[in-house]
Amino acid sequence: ALRKLDELGVRNRTIVVFHSDHGYHLGELNEWSKKTNAEVAVRVPFLVRVPWKESSLGRRTPVRAELVDMYRTLAELAGLPAVQSGVQGVSLAPLFDGDAAPAALRRRPAFSQIARCGCHGGFKRNSTECSLNACARVAKNSSDYNFMGYSMRTDRFRYTAWVPWSPNEQRVDWSRLAEEGDVELYDLAGDDGRDFDFDGYAANVARDPT
């Protein structure tokens, strides 16, 4: 594809984006496939080359991006008219100007969300022993639709809340979180993204008073 840009003579006026839509477990954390809120599953490669933003070429940023940011970012970089207010995400275009990232972007967390279904009953806070299909073929009004997992990633921590799902109302019930749901908190300081067996991925410190 990149060679084609050279053949067409448009390499220096074309934005190139490379990304994945998800990560993948290969046994890490005793998980398989992509359907978790763990770092291994939700963190993806995200490379953007904007030839006319020369100061950005070859640089990395610690800013936490989401794939929903892509539309607004590309629209601004390409000089398109303002994006409609209802479009999700934020523009990451300021990161390509070579200056320090704006404070609002540096502080911004990244979010992910996935459901869990077919969980074994019989005891509280059971959001782990569930079917691996991530509710792909389970109706939201089914008794097998059990939890919705909301995850937030900051510069150091990943926090996830597994909130019980109400099939009748087809929404989460936050009032049941403490008794029936569960929470996870992982300290990812020191994680460089190269070791999928990084200790911080597995040590849930949410209920550790220390």
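Refer to the structure presented above.
None of the values given here were measured: they were computed from a predicted structure.

Cut-offs used in this document
Residues numbered from 1 in each chain as written. Predicted model: local features only at pLDDT ≥ 70, side-chain atom pairs only at ≥ 80, totals over all residues. Heavy atoms only, no water. Helix = DSSP H or I, 4+ residues; strand = E, 2+ residues; numbered from the N terminus. Buried < 20%, exposed > 50% of the residue type's maximum accessible area, 1.4 Å probe, protein only. Contact = heavy atoms within 4.5 Å. Areas by Shrake-Rupley, 256 points an atom, 1.4 Å probe, with all protein chains shown as cover. Disulfide = S-S within 2.5 Å. Patch = residues over 30% accessible without salt bridge, like charges linked within 9 Å, V, L, I, M, F, W, Y side chains within 5 Å. Salt bridge = Lys/Arg side-chain N within 4 Å of Asp/Glu carboxyl O. Lys, Arg positive; Asp, Glu negative; His and termini not counted. Charge placed at Lys NZ, Arg CZ, Asp CG, Glu CD.

Points about the overall build of the protein
Next up, step 1: Helix and strand counts for the protein stand at five helices and nine strands.
Next up, step 2: C-alpha atoms of the protein, sized along the principal axes, occupy 65 × 40 × 30 Å.
Next up, step 3: Going through the 210 residues of the protein one by one, you find that 36% of them count as buried.
Next up, step 4: Considering only residue pairs separated by 6 or more positions, the protein has 51% of its internal contacts joining residues 24 or more positions apart.
Next up, step 5: Of the accessible surface of the protein, which amounts to about 13,200 Å², a share of 51% is contributed by carbon and sulfur atoms.

Here we look at unusual backbone geometry
Next up, step 1: Phi is positive for glutamine 170, close to 55°, though the residue is something other than glycine.
Next up, step 2: In this structure glutamine 170 comes out as partly exposed when scored by relative accessible area, which is 43%.

Thoughts on the state of the cysteines
Next up, step 1: All chains considered together, the criterion is met by one disulfide.
Next up, step 2: Each sulfur of the disulfide joining cysteine 117 and cysteine 135 lies 1.8 Å from the other. Linking cysteine 117 and cysteine 135, the disulfide has an S-S dihedral of approximately 110° and is accordingly described as right-handed. Linking cysteine 117 in strand β5 (residues 110-117) with cysteine 135 in the loop between β5 and β6 (145-153), this pair joins segments that are 18 residues apart in sequence.
Next up, step 3: Assessed through its relative accessible area of 8%, cysteine 135 is described here as buried.

Overview of a negative patch on the surface
Next up, step 1: Side chains of Asp192, Asp195, Asp197 and Asp199 sit close together on the surface and give a patch of like negative charge.
Next up, step 2: Among the secondary structure elements, aspartate 199 is positioned in the segment after β9 (182-187).
Next up, step 3: Owing to a relative accessible area of 66%, aspartate 199 belongs among the exposed residues under this scheme.

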